[in-house]
Amino acid sequence: MSMRLILLGPPGAGKGTQSDVLSRRYKIPHISTGDILRKAVIKEVPLGVKAKSYMDKGELVPDEIVTEVIVDALKSDDAKKGFILDGFPRTLNQAIALDESLSKISSGIDLIIYFETSPEVAIERLSGRRVCSKCGFNYHVKNIPPKQEGICDRCGSRLIQRPDDKEETVRNRLKVYQTQTKPLINYYLRKGNLKKVSGDMDVDELFKVIFKIFEDEHLA
Ligand code: AP5
């Protein structure tokens with residue numbers, strides 16, 4: 001059975017963290033536009049050069065750029081039996097482009113999980129987030145600390161703060177989410193395949209809630 005998922009929610013909701021858990025558990029790729037763009041920025045390839053100025057300000061990268069990235073990622077063999085989209089779609093135009101692209105291969109999204117998260121929780125999480133400078137794995141200084149301070153458990157590299165986790169950029173990202181991404185909740189509610197969870201729960205508790213939804217929807 002396929003499992004084609006979208007995780008939707010504000011910055012700091014825990015989409016990336018939960019995607020990682022789900023991807024390992026169900027052996028389906030975690031496709032994060034944020035991760036793809038950050039890698040492209042580091043490598044200084046044309047995609048990264050185009051995206052960097054938008055990301056630094058906490059603005060969205062233009063639709064046509066990110067949509068092309070996702071359409072390519074969904075063509076990979078890995079994505080044939082399912083995928084987790086994290087951070088895409090983020091505008092109505094992206095959602096429509098995704099629907100069009102999937103309909104060409106007689107496919108669609110099985111479930112959208114909306115992480116409802118309070119701004120206070122999101123801000124606390126983003127200000128304490130640390131990411132591995134090499135493998136990109138996420139930690140939180142209080143909630144999900146590494147075994148050794150400042151060092152990645154997985155690959156032993158140095159942990160850093162994401163440049164867009166600075167306070168004023170975070171405030172802009174939350175504003176952009178409210179105006180450009182939140183309207184997608186109604187778009188997917190109308191389609192009837194959106195389920196709401198509380199992103200404020202801890203990681204294991206939230207996974208159990210999602211697992212129950214999968215069972216109810218006959219996805220697991
Ligand atoms: P992106 O990387 O997608 O960032 P985001 O959506 O702002 O999401 P975050 O990564 O900040 O949060 P998250 O919900 O994944 O939380 P996480 O699990 O890390 O995008 C970055 C930029 O790229 C955008 O601003 C834009 O410029 C561009 N971009 C990307 N996609 C685009 C698109 N489609 N269109 C246009 N532009 C695009 O958790 C956060 C912290 O909390 C971590 O420290 C974690 O350890 C901790 N934590 C997580 N879950 C829990 C929990 N349950 N309890 C306690 N702590 C937790």
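Here, every reference points to the structure presented above.
To keep things clear, this report deals only with the structure shown in the data block.

Cut-off values and rules
- Residues numbered from 1 in each chain as written.
- Predicted model: local features only at pLDDT ≥ 70, side-chain atom pairs only at ≥ 80, totals over all residues.
- Heavy atoms only, no water.
- Helix = DSSP H or I, 4+ residues; strand = E, 2+ residues; numbered from the N terminus.
- Expected span 1.5 Å × (residues − 1).
- Buried < 20%, exposed > 50% of the residue type's maximum accessible area, 1.4 Å probe, protein only.
- Contact = heavy atoms within 4.5 Å.
- Pairing = 2+ DSSP bridges.
- Axes fitted to C-alpha atoms, helices over the stretch in contact; angles between N-to-C directions.
- Parallel < 35°, antiparallel > 145°, perpendicular 65-115°, else oblique.
- Left-handed = near helix turned anticlockwise from the far one by under 90°.
- Nonpolar A, V, L, I, M, F, W, Y, C, P; charged D, E, K, R; others polar.

A few points about helix 7 (residues 167–181)
Given a rise of 1.5 Å per residue, 15 residues ought to cover 21 Å, and the 20 Å separating the end C-alpha atoms of helix 7 matches this to within 8%. Along helix 7, the residues that are buried comprise Thr169, Val170, Asn172, Arg173, Leu174, Val176, Tyr177 and Thr181. Residues of helix 7 that are buried sit in contact with strand 1 (3–8), helix 3 (46–57), strand 4 (111–116), helix 6 (119–128), strand 5 (129–132) and helix 8 (183–191).

Focus: the sheet that holds strand 2 (residues 30–32)
Overall, parallel pairing links the five strands, which are arranged 2-3-1-4-8 in an open sheet. Among the strands making up the open sheet, the edge pair consists of strand 2 and strand 8 (194–198). When strand polarity is set aside, the average angle formed by the axes of neighbouring strands in this sheet is 25°. When strand 4 meets strand 8, the two strands line up parallel, connected through five bridges. Opposite Tyr114, over in strand 8, you have Lys196 as the bridge partner.

Topic: the packing of helix 2 (residues 33–43) against helix 3
At a closest axis distance of 8 Å, the pairing of helix 2 and helix 3 adopts a crossing angle of 110°. As judged from the angle between their axes, helix 2 and helix 3 are roughly perpendicular. The interaxial crossing formed by helix 2 with helix 3 has left-handed handedness. In this structure, helix 2 uses Gly34, Ile36, Leu37, Arg38, Ala40 and Val41 to contact helix 3, whose residues at the interface are Leu47, Gly48, Ala51, Lys52 and Met55. Its residues assigned to classes, the contact of helix 2 with helix 3 shows seven nonpolar, two polar and two charged.

Re the environment of Lys196
Topologically, Lys196 is positioned in strand 8. Once the C-alpha coordinates of Lys196 and Lys52 are considered, the two residues, 144 residues apart in sequence, prove to be 32 Å apart. Beyond its immediate sequence surroundings of up to four residues, Lys196 is in contact with Tyr114 and Glu116.

The values reported here are purely geometric and, on their own, carry no functional implication.
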